Amino acid sequence: RAFLDAYEGTYRCIRLTTRSREILVTHLVIRAAAGDIPRFTHVELIPDEAQQIPSRNKLRMIKHDGYVLPIGRRATFVSFEGGVRLMSCISSTNSDQPGFSGVLLSTDAIGDFPFAARVILEHYREISESELESSNDHGLFPSTDPRFSPYLDYIRNSSKRLSVLFAEKEI
């Protein structure tokens, strides 16, 4: 319950996409399920090349529902919908601005290729699905976008030796 008291709410999730040099800004909600079990819903606006994905709806969105497993300052977000997605994060110590920073391990929505990406979750206002689709704060952005390019210092997505899954390949 202490985790929910501190982190229940809406978050904006910022990461670099794996096939392009775009920044993907998505929407995540942490909420209580029965028995105060922490759950989450992650909503992604998908890129145009993923239009044929069966699970996408008319708003080009994919939803992932799952559970949050909190241990101390570490929170693991696990979802099994459409394949296993695992996001392991460290929570912020700033109680005025709760957030998370970590690594997402999953497969991409287009080619089902495995990837790892650095993610930053920051507290955000509540937003509906229809508002999410029309919002200028969510979706795909070029890495040069002035609103999100400052995050590039904290998010890596390259063929360097530090790459989580692929040591020699561009991801």
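Above: the structure in question.
Residues numbered from 1 in each chain as written. Predicted model: local features only at pLDDT ≥ 70, side-chain atom pairs only at ≥ 80, totals over all residues. Heavy atoms only, no water.

K.L.:
Would you mind showing me how to read the nonpolar core here?
P.N.:
One recurring pattern in soluble globular proteins: nonpolar side chains tend to sit buried together. Counting residues in hydrophobic clusters, the biggest one holds 19 residues, and the most contacted among them are Leu28, Ile30, Phe77, Met87, Phe100 and Leu121. It is strand β8 (residues 114-124) that contributes the most residues to this core, 4 residues altogether. Apart from the residues lying within four places of it in its own chain, the contact partners of Leu28 are Gly9, Thr10, Tyr11, Phe40, Thr41, His42, Phe77, Met87 and Leu121. Judged by nonpolar contacts, the second largest core, of 8 residues, contains Ile14, Val25, Ile120 and Phe148. (Core = buried A, V, L, I, M, F, W, Y, C linked by side-chain atoms within 4.5 Å. Buried < 20%, exposed > 50% of the residue type's maximum accessible area, 1.4 Å probe, protein only. Helix = DSSP H or I, 4+ residues; strand = E, 2+ residues; numbered from the N terminus. Contact = heavy atoms within 4.5 Å.)

K.L.:
Just to check I follow, could you spell out the pattern of salt bridges for this structure?
P.N.:
Here the idea is simple: oppositely charged side chains can pair when their charged atoms come close. Under the counting rule described, the total for this entry stands at 7 salt bridges. Note that Glu122 and Arg12 form a salt bridge whose closest N and O atoms lie 2.4 Å from each other. Here Arg12 lies in strand β1 (residues 9-16) and Glu122 lies in strand β8, a separation of 110 residues in the sequence. Here Glu122 falls in the buried class, since its relative accessible area comes to 18%. A relative accessible area of 13% means that Arg12 is categorised as buried. For the salt bridge of Arg31 with Asp65, the shortest nitrogen-to-oxygen distance reads 3.9 Å. Of this pair, Arg31 sits in strand β2 (residues 22-33) while Asp65 sits in strand β4 (residues 61-71); the two residues are 34 residues apart in sequence, bridging distant segments of the chain. Taken together, the shared-partner salt bridges in this structure form one network comprising Arg1, Asp5, Glu8 and Asp36. (Salt bridge = Lys/Arg side-chain N within 4 Å of Asp/Glu carboxyl O.)

K.L.:
For this particular structure, what's the right way to read a nonpolar patch on the surface?
P.N.:
A surface patch of nonpolar side chains, about 280 Å² in accessible area, is lined by Ile37, Tyr67 and Leu69. Summarising the element assignment, Ile37 is placed in strand β3 (residues 37-45). Exposure remark for Ile37: the relative accessible area of 40% places this residue in the partly exposed category. (Patch = residues over 30% accessible without salt bridge, like charges linked within 9 Å, V, L, I, M, F, W, Y side chains within 5 Å. Areas by Shrake-Rupley, 256 points an atom, 1.4 Å probe, with all protein chains shown as cover.)

K.L.:
What should I look at first to understand the state of the cysteines in this one?
P.N.:
Simply put, disulfide is the name for a covalent bond between the sulfur atoms of two cysteines. Scanning all chains against the criterion turns up 0 disulfides. Here Cys13 stays free of any disulfide, with the sulfur of Cys89 as its closest cysteine sulfur at 7.4 Å. The exposure class of Cys89 is buried, given its relative accessible area of 1%. (Disulfide = S-S within 2.5 Å.)

K.L.:
Would you explain the pairing of β8 in this entry?
P.N.:
Working note: regular strand, side chains alternate between the two faces of the sheet. A large share of β8 lies buried, amounting to 8 of its 11 residues. In this sheet, β8 lies alongside strand β7 (residues 99-107) in antiparallel orientation, the contact comprising 9 bridges. Across the sheet, Gly102 pairs through a bridge with Val119, a residue of β8. (Pairing = 2+ DSSP bridges.)

K.L.:
Teacher, can you tell me more about the packing of aromatic side chains here?
P.N.:
Centre-to-centre distance and the angle between the planes together describe a pair of aromatic rings. The full count for this structure, using the stated rule, is 6 aromatic pairs. Aromatic side chains Phe3 and Tyr7 sit 5.2 Å apart centroid to centroid with 40° between the ring planes, which places their arrangement in the tilted category. With Phe3 and Tyr7 both in helix α1 (residues 2-7), this residue pair falls 4 residues apart, about one helical turn. With relative accessibility at 12%, the residue Tyr7 sits in the buried group. Put simply, the rings of Phe3, Tyr7, Tyr11, Phe40, Phe77 and Phe100 touch in pairs and so form one group of aromatic residues. Positioned over the ring face of Tyr67 is Arg39, at 4.2 Å from the centre of the ring. (Phe/Tyr/Trp six-rings, centres within 6.5 Å; stacked < 30°, edge-to-face > 60°. Lys NZ or Arg CZ within 6 Å of the ring centre and 35° of its normal.)

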